[in-house]
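Chains, contacts and geometry: an overview
The primary structure of each chain is shown beneath.
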Amino acid sequence: MDTYIFLDLDDTIFQTRHKCLTTPDEQLATAAIHPDGSSLSYTTPQQRELLSQLQMLGTVIPVTARNLESFRRVQLVFSDLVVLDFGAAIVLPTGELDPIWDNQIRPRIVEHGSQLEDICQYWKQISDRLALGLRIRVISDFEMPLYVVAKHPDGQIERLQELWQHAHAEFPSEGFFVHHNDNNLSVVPACMSKRSAVEYLLNGPLNEHPRLVIGAGDSLSDAEFLSLCDFSLIPGNSQLMRTLNQQYEVRRSRSRSQ
Ligand SMILES: [Mg+2]
């Protein structure tokens, strides 16, 4: 049976040093680098073992918010399809964009370009006024403006929460979603999603039956593509798993008090 594994990257199969918790330096391996070539993210032995097992099991397809430039700074080797930019781009093994997906998604994305620029400028004003020191920009790829992202260069994630407290009232009520996990606050056109790209692949190029589909992801925003898969892998210490546990605890305490 053909097996496909849709694999989120950051905080699923590697992460920055401070998130490696108790893993000693000598057990970590560089998995992604900064533009200057220095190490940015690392795999633990468990992550390397998981990736190796997954690659033996079937075709591993990265599904990531990274754009092409930052994906090229990932040092893990993937040889098949790649889903980039929150699903806005599907790159074929030849390095070209999947033309059918590109034709479908590009006209819907480019409509949001000027709104993204407005949101970016507004967030920069808030950051300057409150001296938050955030790096805020519109991420573009394949000649499309895609989404706005705010990060703190030193990982002061409470600064992102301050930004969102001041910015959310002006946030467009329709047409966008917010991805907020750790040092990453993004505003993304709603027409872009990892789910819609995975759905396209499962109904189109990978539409073979029977097949086994596995998904792996750490963020709340990954849940919607994971639910398309037969099975999901969620890192134990992740935003998605913490949320599932919190919801379970709330239900348990409610049922105890009834
Ligand atoms: Mg992730």
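Refer to the structure above for everything that follows.
Described below are features of the structure shown in this document. (Residues numbered from 1 in each chain as written. Predicted model: local features only at pLDDT ≥ 70, side-chain atom pairs only at ≥ 80, totals over all residues. Heavy atoms only, no water.)

Describing helix 6 (residues 194-203)
Burial analysis of helix 6 places 7 of its 10 residues in the buried class, the great majority of the element. Those residues of helix 6 that sit buried are K194, S196, A197, V198, Y200, L201 and L202. Buried-residue contacts for helix 6 involve strand 1 (2-7), strand 6 (82-84), strand 7 (89-91), helix 3 (99-110), strand 12 (211-216) and helix 7 (223-226). (Buried < 20%, exposed > 50% of the residue type's maximum accessible area, 1.4 Å probe, protein only. Helix = DSSP H or I, 4+ residues; strand = E, 2+ residues; numbered from the N terminus. Contact = heavy atoms within 4.5 Å.)

A look at the nonpolar core
F6, F78 and Y147 are the most contacted members of the largest nonpolar core, which totals 55 residues. Sort the elements by how many residues they give to this core and helix 6 lands first, with 5 residues. In this structure, this core is formed jointly by two domains, domain 1 (2-107 + 192-257) and domain 2 (113-189), each of which donates at least three residues. Aside from chain neighbours lying at most four places away, what touches F78 is L7, L9, L51, Q55, V60, P62 and F71. Formed by 17 residues, the second largest nonpolar core is a distinct cluster that contains I119, L132, F171 and V187. (Core = buried A, V, L, I, M, F, W, Y, C linked by side-chain atoms within 4.5 Å. Domains from an automatic or database assignment.)

Topic: the sheet that holds strand 3 (residues 29-33)
The strand order across the open sheet formed by 3 strands is 2-4-3, and the pairing between neighbours is antiparallel. The open sheet has two free edges, formed respectively by strand 2 (15-16) and strand 3, since each of these has just one partner strand. As paired elements, strand 3 and strand 4 (residues 39-43) share 4 bridges and run antiparallel to each other. Bridged to A32 within strand 4 is S41. Packing against the sheet, helix 1 (residues 45-57) makes contact with strand 2, strand 3 and strand 4, and its axis sits at approximately 70° to strand 4. (Pairing = 2+ DSSP bridges. Axes fitted to C-alpha atoms, helices over the stretch in contact; angles between N-to-C directions.)

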